[in-house]
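Per-entry structural report
Listed below are the residues making up each chain.
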Amino acid sequence: MDFALSDEERAIRDTVRSFVVKEILPLEDTVLRRERAHEPGLRLEELRELQQKARKFGFWGLATPEEYGGMGLPAVLQSLIWTELGRTIVPFRFGGEADNILFFANDAQKEEFLLPTIEGTRISCFAITEPGAGSDAANIKMSARQDGDDWILNGEKTFITNGNEADFAIVVAVTDRSLGARKGGATAFLVDRSMGWRSEFIQTMGEGGPASLIFEDVRVPSRNILGAVGQGFELGMQWIGKGRYTIPSHAIGIAERALEMALDHARTRETFGRAIGENQAIQWMIADSEVELEAARMLVLRAAWTVDSGRDPRHASSMAKLYGANMVNNVVDRVLQIHGGMGYTRELPIERWYRQVRLYRIFEGTDEMQRLIISRDLLRGYTMIGL
Ligand SMILES: Cc1cc2nc3c(=O)[nH]c(=O)nc-3n(C[C@H](O)[C@H](O)[C@H](O)COP(=O)(O)OP(=O)(O)OC[C@H]3O[C@@H](n4cnc5c(N)ncnc54)[C@H](O)[C@@H]3O)c2cc1C
């Protein structure tokens, strides 16, 4: 067994780290200042500029196959890169990406939706959640009624990331109520905003915010069906599956950086004539954070390795998502405590992380849904205990 990174993994990790240190970290103060003024921390044109700069270094389309101009990286490498991006609060991500399920598009749809999304000239969002169906996604009600060669969509989606910015939505709607979403009754549609849906911003605890998408008799031609009629739920679950190792990968980067800040503070902040790090109360918070961080790293890399090795990644990914999301909440909470009043201010990134990472326990499968998957796999004997 070898826990060391390969030379290639280390080289890529180090290149991304130096890009983050040189190009991204210097923007943190600006991002914090703008967010305090309720402005976007990073403007779209600034994000695009940074993405083009990264492209020159060869970083473009981490998950995008090489035939579409991407890097087509294995999941382990993608995970290592997401960890590096987690080390900054600047909402930067590499360009050249598209929703994983957009690759199911046919040739005409690829031209219209996939390629411009990869290039960054169009913005997508993915919408399955509804006011009455989140964890229980199979309970969606948005209807798609066939009318000649078109479908008429009615209903509401909610909490949709990028829903305000998107030019088009990948929307899962019910096409055959008698079957149920899980058994072929739901279909994914590619729906341009110009077809008539509208979005409403939802204010959240975090920066930016998702949106509700409202569909009232939105007419969508059959040629905009993604995949096959009845494949919508399956595609939706594939979309969600990707986040189950990228989210905790990001969480590891946040926890690394936050813990480093806590170490610095524990060494330099003095009370009662000595550094606070000399107190056992502080040392234990540091030790617990380090243990949880490393445990999460093992779970996340194992989940990514499971993807790369062609095994069913669901069980390992649920464990990584559940543990990684809780780990980062615990670590950031302790790091905030170690910083005392300064940790609570908006001068430092810590309170921002505190708000941001709370989401990690909710979206793309709540803690409870991950526990449900993990225990169900074991109880049904689908997964065995041990290696
Ligand atoms: C900022 C943000 C961005 C999002 N982005 C997207 C997006 O881009 N696209 C999209 O489609 N969705 C998106 N979502 C939706 C997200 O996936 C859902 O919020 C999530 O799945 C939970 O659904 P819910 O909010 O309806 O909670 P509910 O399903 O109502 O759950 C409420 C609580 O009950 C618990 N619970 C539910 N059922 C059970 C059970 N059987 N056993 C035990 N506990 C249970 C849940 O774990 C949770 O704690 C986003 C959400 C947020 C907040």
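Cut-offs applied
Residues numbered from 1 in each chain as written. Predicted model: local features only at pLDDT ≥ 70, side-chain atom pairs only at ≥ 80, totals over all residues. Heavy atoms only, no water. Helix = DSSP H or I, 4+ residues; strand = E, 2+ residues; numbered from the N terminus. Rg over C-alpha atoms; globule rule 2.2 N^0.38 Å. Buried < 20%, exposed > 50% of the residue type's maximum accessible area, 1.4 Å probe, protein only. Contact = heavy atoms within 4.5 Å. Areas by Shrake-Rupley, 256 points an atom, 1.4 Å probe, with all protein chains shown as cover. Axes fitted to C-alpha atoms, helices over the stretch in contact; angles between N-to-C directions. Parallel < 35°, antiparallel > 145°, perpendicular 65-115°, else oblique. Left-handed = near helix turned anticlockwise from the far one by under 90°. Nonpolar A, V, L, I, M, F, W, Y, C, P; charged D, E, K, R; others polar. 1 Å grid on protein atoms, 1.4 Å probe; cavity = no way out; pocket = protein on both sides within 12 Å on 5 of 7 lines; lining within 4 Å. Points joined across faces, edges and corners; volume = space filled by probe spheres on them. Expected span 1.5 Å × (residues − 1). Near = heavy atom within 4 Å. Polar contact = N/O pair within 3.5 Å; in protein donor to acceptor, adjacent residues only side chain to side chain. Core = buried A, V, L, I, M, F, W, Y, C linked by side-chain atoms within 4.5 Å. Phe/Tyr/Trp six-rings, centres within 6.5 Å; stacked < 30°, edge-to-face > 60°. Lys NZ or Arg CZ within 6 Å of the ring centre and 35° of its normal.

Considerations on the overall build of the protein chain
Along its length, the protein chain carries eleven helices and ten strands. Here the C-alpha radius of gyration of the protein chain, 22 Å, is about what a compact globule of 387 residues would show, namely 21 Å. When each of the 387 residues of the protein chain is scored for burial, the buried share is 49%. The contacts in the protein chain between residues at least 6 apart in sequence include a share of 71% that link residues at least 24 apart. In the structure as shown, the protein chain presents an accessible area of about 18900 Å², 53% of it carried by carbon and sulfur atoms.

Some thoughts on the environment of Gly232
Tracing the chain through its elements places Gly232 in helix α6 (residues 232-268). Classification of Gly232 as buried rests on a relative accessible area of 0%. Sequence separation between Gly232 and Ser317 is 85 residues; the distance between their C-alpha atoms is 22 Å. Contacts of Gly232, omitting those with residues within four sequence positions, involve Val172, Ala186, Thr187 and Ala188.

Concerning the packing of helix α4 (residues 75-86) against α6
Where α4 contacts α6, the axes come no closer than 6 Å and their chain directions differ by 40°. Between α4 and α6, the interaxial angle falls into the category oblique. Crossing of α4 against α6: the hand is right-handed. Along the contact surface, α4 presents Ala75, Gln78, Ser79, Trp82, Thr83, Leu85 and Gly86, while α6 presents Lys242, Tyr245, Thr246, Ser249, His250, Ile252, Gly253, Ile254 and Glu256. When grouped by side-chain class, the residues that make up the contact of α4 with α6 number six nonpolar, eight polar and two charged.

Section: the layout of surface pockets
A volume near 1200 Å³ is recorded for the second largest pocket. What lines the second largest pocket is a set of 37 residues, and nearest its centre among them are Met298, Leu301, Arg302, Trp305 and Thr306. Contributing elements (two or more residues each) for the lining of the second largest pocket: α1 (7-24), α4, α6, α7 (280-308), α8 (314-338) and α11 (367-379). The element best represented in the lining of the second largest pocket is α7, accounting for seven residues.

Topic: α4
For α4, with twelve residues, the first-to-last C-alpha span of 16 Å sits near the 16 Å given by 1.5 Å per residue. Most of α4 is tucked away: eleven of the twelve residues are buried. Three or more residues of α4 are buried, namely Ala75, Val76, Leu77, Gln78, Ser79, Leu80, Ile81, Thr83, Glu84, Leu85 and Gly86. In this fold, the buried residues of α4 make contact with α1, α6, α7 and α10 (350-358).

A short note on the site of the ligand
Near the ligand there are 16 residues, and of these Thr129, Ser135, Phe159, Thr366 and Glu368 occur at the shortest range. Between the ligand and the protein, one listed contact pairs a nitrogen atom with a side-chain N or O atom of Thr129 at 2.7 Å. Contact between the ligand and Ser135: an oxygen atom at 2.7 Å from a side-chain N or O atom of the residue. Compared with its free state, where it exposes 970 Å², the ligand has 64% of that area covered by protein. Put simply, the parts of the chain that give the shell around the ligand at least two residues each are β1 (124-127), β3 (150-160) and α11. The residue makeup of the shell around the ligand, split by class, is nine nonpolar, five polar and two charged.

Examining the nonpolar core
The biggest cluster of nonpolar side chains holds 60 residues, and the ones touching the most others in it are Phe59, Phe92, Phe94 and Val328. The dominant element in this core, judged by the number of residues it contributes, is α6, at eleven residues. Leu102, Ile170, Leu190 and Phe233 belong to the second-largest nonpolar core, a separate cluster that totals 24 residues.

Digging into the packing of aromatic side chains
A complete count under the given rule lists eleven aromatic pairs for this structure. Their ring planes at 20° and their centres at 4.3 Å tell us that Phe126 and Trp239 sit as a pair that is stacked. Of this pair, Phe126 sits in strand β1 while Trp239 sits in helix α6; the two residues are 113 residues apart in sequence, bridging distant segments of the chain. Geometrically, the ring pair formed by Trp197 and Phe215 is stacked, given 6.1 Å between the ring centres and 20° between the ring planes. Of this pair, Trp197 sits in the loop between β5 (186-192) and β6 (198-201) while Phe215 is found in strand β7 (residues 211-221), placing the two residues 18 residues apart along the sequence. A relative accessible area of 3% places Trp197 in the buried class. Classification of Phe215 as buried rests on a relative accessible area of 2%. These aromatic residues form a ring-pair network of at least three members: Phe19, Phe57, Phe59, Phe92 and Phe94. Over the aromatic face of Trp60 sits the side chain of Arg55, whose NZ or CZ is 3.8 Å from the ring centroid.

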